[in-house]
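# Secondary and tertiary structure notes
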Amino acid sequence: MSKEFTLTALGDEELKDCENRFLADIRRNPNNFSFWFPKIENCGIPVPKSVIIPLPDDIIQSLFLEREGDDDRITDFVRNTVLPAIPEDWHPVFIKNGCFSNKFDFRYCCIQPTLHRLVTSIEQINMDALCMDTDGESELVIREFLTPYHYDDDELGIKMYSIYNGMPLRPEIRVFYDFDRKKSLYAVNYWDWDYCHDRICERDCTDALAYEAAYPNLDRFCKQNCGKAMELLDEHLKDVDLPGIWSVDLMWHEGQFWLIDMAVGHKSAYYDPKKCKIE
């Protein structure tokens, strides 16, 4: 026997309450760049220079692109607030929201900072973030892009390939660090074969060829340097005021590690409670 039910439309006050709760939730996400980056910016590990731009409520609403004039509101915000905040010598820039860059389509997150490119990227990155429920829509982050001086790293014997529509496939290590216990717990190859191969190769046959060609050297690099990455964090993060276990991403660039991203540990790929010794 079928049951009938009726969907009741929310009133204006209920809709406003939902909107306020959504805005509060995305602003207090600890993965937001504005929460963790100021705490590690001067810890002694190189980081890309970064500008954090909070987004007003009306601009966050405009990211849904549901109302008439939303695109114009975003364009005006970029023209009047975002462009003046970008240093003139940052060409190109790396762009993301508080939690998400959508590096899987690198043409939107590594761009020349023109009005049109910025508007297009901000709208696309945040639309994908909304679809994937990653959060981060409460802020915009503009970062200097660490461009390789040369495409091949002769010191490491690594030929650099690119995936995701132009992202250089550089060595990267993810370390899980416990800020309560003040120590690194374990480290993994960010480009681990078992985790990444099928995800990368099913997207694009060109990416598949690049990843498979690059992997042996990426794997060799990580096996040789995971211990050094953990020691680096043990030396420089012991006085950082953050709670619990976090993943810390270190990318190799110009002969040293750069700290490029962080996230709460249990929300990160490669998190293993057993390795963290958490019951």
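Coordinates for the structure precede this section.
Residues numbered from 1 in each chain as written. Predicted model: local features only at pLDDT ≥ 70, side-chain atom pairs only at ≥ 80, totals over all residues. Heavy atoms only, no water.

## Observations regarding the sheet that holds strand S9 (residues 172-178)
To keep it simple, the criterion reads: Between any two strands, pairing holds if DSSP finds at least two bridges. Think of it this way: any DSSP run of H or I at least four residues long counts as a helix, any run of E at least two long counts as a strand, and we number them from the N terminus. To get an axis, fit a line to the C-alpha atoms, keeping to the stretch in contact for a helix; angles then go from 0 to 180 degrees between the N-to-C directions.
Within the open sheet, the four strands sit side by side as S10-S9-S11-S12. Their pairing is antiparallel. Edge positions in the sheet fall to strand S10 (183-189) and strand S12 (256-264), since each has one partner strand and no second. Between one strand and the next, the sheet's axes are offset by a mean angle of 25 degrees, whatever the strand orientation. Inspection of the sheet shows S9 paired to S10 by six bridges, in the antiparallel sense.

## Brief notes about the sheet that holds strand S1 (residues 50-54)
Basically, it comes down to this: Working rule for contacts: check all heavy atoms of both residues, and any pair within 4.5 Å makes them a contact.
Reading across the sheet, the four strands line up as S1-S4-S2-S3 and stay open at both edges, with antiparallel pairing between neighbours. Only two strands of the sheet have a single partner each, and these edge strands are S1 and strand S3 (110-111). With two bridges joining them, strand S2 (residues 93-97) and S3 adopt antiparallel strand pairing. Looking at the pairing, Phe94 lines up with Cys110 of S3. Against the sheet, helix H4 (residues 70-85) touches S1 and strand S4 (139-144), its axis set at about 155 degrees to S1.

## A few points about the pairing of S2
Inclusion rule: Think of it in three bands: with a 1.4 Å probe and only protein chains considered, a residue is buried below 20% of the maximum accessible area for its type, exposed above 50%, and partly exposed in between.
Burial analysis of S2 places five of its five residues in the buried class, the great majority of the element. The two faces of S2 match: Val93, Ile95 and Asn97 on one face and Phe94 and Lys96 on the other face are all buried. Summarising the sheet, S2 and S4 pair through five bridges and their orientation is antiparallel. Along S4, the bridge assignment pairs Phe94 with Arg143.

## Observations regarding the pairing of S10
For S10, the tally of buried residues reaches six of seven residues, placing the bulk of the element in the interior. Hairpin connection of S9 to S10: four residues between the antiparallel strands, including Lys182 at a positive phi of 60 degrees.

## Section: the packing of helix H6 (residues 193-201) against helix H7 (residues 205-236)
Angle between the axes and distance between the axes are the two parameters that describe a pair of packed helices. Applied cut-off: For classification purposes, angles smaller than 35 degrees are called roughly parallel, those larger than 145 roughly antiparallel, those between 65 and 115 roughly perpendicular, and all remaining angles oblique. It is the rotation of the near helix from the far one that decides the hand of a crossing: anticlockwise by less than a right angle makes it left-handed, clockwise makes it right-handed. Charged means Asp, Glu, Lys or Arg here, nonpolar means Ala, Val, Leu, Ile, Met, Phe, Trp, Tyr, Cys or Pro, and polar covers whatever is left, Gly included.
Put simply, H6 and H7 touch, their axes get as near as 8 Å, and they point 155 degrees apart. In terms of their interaxial angle, H6 and H7 are classed as roughly antiparallel. Viewed along their axes, H6 and H7 form a crossing whose handedness is left-handed. Only Asp207, Ala208, Tyr211, Glu212 and Tyr215 of H7 make contact with H6, whose side of the interface consists of Trp193, Cys196, His197, Ile200 and Cys201. Among the residues making up the contact of H6 with H7, the classes are represented as seven nonpolar, one polar and two charged.

## Re the packing of aromatic side chains
Note the following rule: Here a Phe, Tyr or Trp ring, Trp counted by its six-membered ring, pairs with any other such ring whose centre lies within 6.5 Å, and the pair is stacked when the planes are under 30 degrees apart, edge-to-face when over 60, and tilted otherwise.
Counted according to the given criterion, the structure contains 19 aromatic pairs. When the ring of Phe33 is compared with that of Phe37, the centres are 4.6 Å apart and the planes differ by 20 degrees; the resulting orientation is stacked. Taken together, the residues Phe33 and Phe37, both in helix H2 (residues 33-40) and four residues apart, mark about one turn of the helix. By the burial criterion, Phe33 is buried, and Phe37 matches it. Arranged with centres 6.2 Å apart and planes meeting at 45 degrees, the rings of Phe94 and Phe106 form a pair that is tilted.

## Digging into unusual backbone geometry
With an omega of -5 degrees, the peptide bond between His91 and Pro92 qualifies as cis. Looking at the secondary structure, you find Pro92 in the loop between H4 and S2. Positive phi values are uncommon outside glycine, yet Glu254 reaches one of about 55 degrees. Within the secondary structure layout, Glu254 lies in the loop between strand S11 (245-253) and S12.

## Thoughts on the nonpolar core
Stated precisely, the cut-off is as follows: For our purposes a nonpolar core is just a set of buried Ala, Val, Leu, Ile, Met, Phe, Trp, Tyr and Cys residues, chained together by side-chain atoms within 4.5 Å.
Counting 53 residues, the largest nonpolar core has Val82, Ile95, Ile142 and Trp191 as its most contacted members. Counting residues in each nonpolar core, the second largest holds 30 residues, with Phe33, Phe37, Cys43 and Cys222 among its members.

## What about the environment of Leu237?
If you trace the backbone, Leu237 turns up in the loop between H7 and S11. Considered as a pair, Leu237 and Lys182 are 55 residues apart in the sequence and their alpha carbons are 7.4 Å apart. The contacts of Leu237, once residues within four sequence positions are left out, are Ile40, Cys43, Ile45, Tyr177, Phe179 and Val248.

## Observations concerning the packing of H4 against helix H5 (residues 115-132)
Look at H4 against H5: their axes get within 10 Å of each other, and the N-to-C directions meet at 120 degrees. Relative to H5, the element H4 is oriented oblique. Seen from above, H4 lies across H5 with right-handed handedness. Residues Asp71, Ile74, Thr75, Val78, Arg79, Val82 and Leu83 of H4 form the contact with H5, whose participating residues are Leu115, Leu118, Val119, Ile122 and Glu123. When its residues are assigned to classes, the contact of H4 with H5 shows eight nonpolar, one polar and three charged.

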